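Next come the chains, spelled out residue by residue.
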Amino acid sequence: MTGGAAASRVQAVETHDVLVIGSGVGGLTVALETPDLRVGLLTKTELGRGGSSPLAQGGVAAAIGPGDSPAAHAEDTLAAAAGLAVPERVRILTEEGPARIAALLALGTRFDRDDVGHLALGREAAHGVARIVHANGDATGAEIVRALRETVEAAPMVEVFERTFVCELVMEQGRVVGALARDAADAVVLHLARAVVLATGGIGHVYWHTTNPRDNTGDGLAMAARAGARLADLEFVQFHPTALDVGADPMPLLTEALRGAGATLVDESGRRFMPDFHPAGELAPRDVVARALRELQSQGRRTLLDARDAVGPRHASKFPTAVRHCLDHGFDPRREPVPVSPAAHYHMGGVAVDTHGRTSLAGLWACGEVSCVGVHGANRLASNSLLDALVFGARVSRDLMRAVRRLPPAKALVGRVDVRLGDTSTEDGACAKIRRDIRDVMWSEVGLVRTADSLRRALGCFTQISRRLGPGASETHNLLTVAGLVAKAALDRRESRGAHFRSDSVPTPGSRHETSVGNG
Ligand code: SIN
């Protein structure tokens, strides 16, 4: 990495066996499951407080109930993925899922139980049986992160660096050997490690309407792209149909489990409209439901979720988060239908990894939403995202335990790696306007319905925006990088498949789409 005129010198050097970037379920799992290694855990927020993991309402899918099997779970996952998931990898996901639930229980995760003390299993759209575990009703992510975070805080081998923004991966002789970061005091710190793990989460903030928190700016994906890592399936962004439509950013999620419990989608006259679009009605695949809402809205109609029965006395304790979101914004879902709209929710694509989380770059692993193992294909099955982070996070750890000891200690790199940090101009007012523009273009041109024309318009806008932004390695640059990558991949895939809908599509045989940008 070279520095420009505004380059900053490294002010401190830290060395670790393993450097983990990100503190959601994936990053925390890796940190915990590498017990004998010295782990440096860098997180942009406070530990376990940022990203999508703590906000996840839907639970974790795992074949643990009577009459269920990993094979049945795999079948549902592959059907949802619209032909693009890799069966062997889905098999690993579903076979290793039950052990991850057991591991979370052993850490003290308090999953919901039925009257006789067994884990309570819920059913969600496109699952053939009830196999979803939840915690505190619809606060599953928060409870899992609590259990993982408390264990990490007590782990002597894990050193946590909070409010640390990672700007670039650092490479030496073709190998990733660390990262350059700005710490909480704005000092430039070089973190060197034998192995680096990206667990930075998703890209939702690149869209105007999203359920993701504002820190999901695609930093890991953008850094990996700049370093030349292979990326896959970038065009596949899942839009959740029922985000509370009250002008909030991010939009509060109203979990799909509400529809599983009988909530219906109605128009302004109270008429159910989903049966007009799909025989499964409200429990049709997410992309179908999301596009149905968009269709009504484009006709000037209103779209509301009638959850009066679902949150009523029968399910009183099941949806505290969803009810609180509505009450906070002046709606009482127990008494009235509430306005809902689709919002960007999950990125199926990401940094291409194998089943051990190894990327195409030596020294770099990835897990969780930033990665693309190939288990979600064109459309992720509900409640398979936390499962992905848990299963493949643990597999990354096992691989690191084997690989790391064969690599030279990070201390050997001190003084050898010569880096400066380029311009990381802090986000100012101009950046705020640029972010709005990027997010607006992504929503209108690279959203639920795409055409070659809309995607070319988007790419043209991003070229203009890049002239206004200048050089640097900030969140806004990352947003712009990610926006361009998603738009380009969407332009290249001329068919409609799963969450990627091209209204100008031509039928083509489907295949996974891998790409590489940057230096590699
Ligand atoms: C939801 O609770 O509706 C979201 C769950 C998921 O994204 O899997």
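Our structure's up above, just so we're on the same page.
We now turn to the structure provided with this report. (Residues numbered from 1 in each chain as written. Predicted model: local features only at pLDDT ≥ 70, side-chain atom pairs only at ≥ 80, totals over all residues. Heavy atoms only, no water.)

1. Considering the sheet that holds strand 12 (residues 237-244)
- If you walk across this open sheet you meet the 4 strands as 12-15-14-13, and the pairing is antiparallel. Looking at which strands have only one partner, the edges of the open sheet turn out to be strand 12 and strand 13 (264-266). The sheet shows a mean angle of 50° between the axes of neighbouring strands, taken without regard to direction.
- Relative to strand 15 (residues 338-347), strand 14 (residues 304-306) runs antiparallel, the two sharing 2 bridges. Across the sheet, the residue bridging to Leu304 is Pro339, located in strand 15. (Pairing = 2+ DSSP bridges. Helix = DSSP H or I, 4+ residues; strand = E, 2+ residues; numbered from the N terminus. Axes fitted to C-alpha atoms, helices over the stretch in contact; angles between N-to-C directions.)

2. Some words on the sheet that holds strand 5 (residues 121-122)
- Within the open sheet, the 3 strands sit side by side as 4-6-5. Their pairing is antiparallel. The open sheet terminates on both sides in strands that have one partner only, identified here as strand 4 (60-61) and strand 5.
- Relative to strand 6 (residues 132-133), strand 4 runs antiparallel, the two being bridged by 2 bridges. By the bridge assignment, Ala61 is partnered in strand 6 with Ile132.

3. Focus on the site of the ligand
- In the vicinity of the ligand, the residues found are Gly58, His240, Leu253, Thr255, Glu256, Arg286, His345, Arg380, Ala382 and Ser383.
- The separation between an oxygen atom of the ligand and a polar main-chain atom of Gly58 is 2.9 Å.
- Glu256 is positioned such that a nitrogen or oxygen atom in its backbone is 2.7 Å from an oxygen atom of the ligand.
- About the coverage of the ligand: the protein hides 95% of its 260 Å² of free accessible area.
- By residue class, the composition of the shell around the ligand is 2 nonpolar, 5 polar and 3 charged. (Near = heavy atom within 4 Å. Polar contact = N/O pair within 3.5 Å; in protein donor to acceptor, adjacent residues only side chain to side chain. Areas by Shrake-Rupley, 256 points an atom, 1.4 Å probe, with all protein chains shown as cover. Nonpolar A, V, L, I, M, F, W, Y, C, P; charged D, E, K, R; others polar.)

4. Considering the pairing of strand 8 (residues 165-172)
- For strand 8, the buried fraction is high: 7 of the 8 residues fall into the buried class.
- With 7 bridges joining them, strand 8 and strand 9 (residues 175-182) adopt antiparallel strand pairing. Across the sheet, residue Phe165 finds its bridge partner in strand 9, namely Arg182.
- The hairpin turn running from strand 8 into strand 9, its antiparallel successor, is 2 residues long, and Gln173 in that turn takes a positive phi close to 45°. (Buried < 20%, exposed > 50% of the residue type's maximum accessible area, 1.4 Å probe, protein only.)

5. Looking at the pattern of salt bridges
- For the structure shown, the criterion picks out 42 salt bridges.
- Lys44 serves as the salt-bridge partner of Glu475, at 2.6 Å between the closest nitrogen and oxygen. Separated by 431 residues along the polypeptide, Glu475 in helix 12 (residues 475-492) and Lys44 in the loop between strand 3 (39-42) and strand 4 bring together distant segments of the chain.
- The class for Glu475 is buried, based on a relative accessible area of 10%.
- Since its relative accessible area comes to 25%, Lys44 is described here as partly exposed.
- In this structure, Glu256 engages Arg286 in a salt bridge whose closest nitrogen and oxygen atoms are separated by 2.7 Å. Within this pair, whereas Glu256 is found in helix 6 (residues 256-260), its partner Arg286 is found in helix 7 (residues 286-298), the two being separated by 30 residues in sequence. With respect to class, Glu256 is no different from Arg286; both count as buried.
- A network of salt bridges, in which partner residues are shared, links Lys44, Arg214, Asp219, Arg435 and Glu475. (Salt bridge = Lys/Arg side-chain N within 4 Å of Asp/Glu carboxyl O.)

6. Remarks on the packing of aromatic side chains
- In this structure the tally under the stated criterion is 4 aromatic pairs.
- Through pairs of rings, three or more aromatic residues link up here, namely Tyr207, Phe239 and Trp443.
- When the ring centre of Tyr346 is taken as reference, the NZ or CZ atom of Arg380 above it lies at 4.2 Å. (Phe/Tyr/Trp six-rings, centres within 6.5 Å; stacked < 30°, edge-to-face > 60°. Lys NZ or Arg CZ within 6 Å of the ring centre and 35° of its normal.)

7. A word on helix 11 (residues 452-469)
- End to end, helix 11 covers 26 Å across 18 residues, agreeing with the expected 26 Å (1.5 Å per residue, within 8%).
- Every buried residue of helix 11 is accounted for by Ala452, Ser454, Leu455, Ala458, Phe462, Ile465 and Leu469. Taken down its axis, helix 11 places every buried residue within 160° of arc, on the same side. Among the exposed residues of helix 11, those pointing more than 90 degrees away from its buried face are Arg456, Gln464 and Arg467.
- Looking at the buried residues of helix 11, the elements they touch are helix 10 (429-445) and helix 12.
- Directly beyond the C-terminal end of helix 11, a positive phi value near 70° is found at Gly470. (Expected span 1.5 Å × (residues − 1). Arc of directions from axis to C-beta. Contact = heavy atoms within 4.5 Å.)

8. Side note on the side chain of His376
- Mapped onto the elements of the fold, His376 is located in the loop between strand 18 (371-372) and helix 9 (385-403).
- Only 2.8 Å separates the side chain of His376 from the side chain of Asp388, close enough to count as a polar contact.
- If near-sequence neighbours (up to four positions away) are discounted, His376 is found in contact with Ala81, Ala85, Tyr346, Met348, Asn384 and Asp388.

9. Comments concerning the pairing of strand 12
- In terms of burial, strand 12 is largely enclosed, as 8 of its 8 residues are buried.
- As paired elements, strand 12 and strand 15 share 6 bridges and run antiparallel to each other. Bridging from a neighbouring strand, Gln238 pairs with Tyr346 of strand 15.

10. Things to note about the packing of helix 1 (residues 25-32) against helix 4 (residues 140-153)
- In contact at an axis separation of 10 Å, helix 1 and helix 4 are set at 35° when each is read in the N-to-C sense. Crossing handedness for the pair helix 1 and helix 4: left-handed. The segment helix 1 lies against helix 4, with Val25, Leu28, Thr29, Ala31 and Leu32 engaging Ile144, Val145, Leu148, Arg149, Thr151 and Val152.
- When the residues that make up the contact of helix 1 with helix 4 are grouped by side-chain class, the tally is 8 nonpolar, 2 polar and 1 charged. (Left-handed = near helix turned anticlockwise from the far one by under 90°.)

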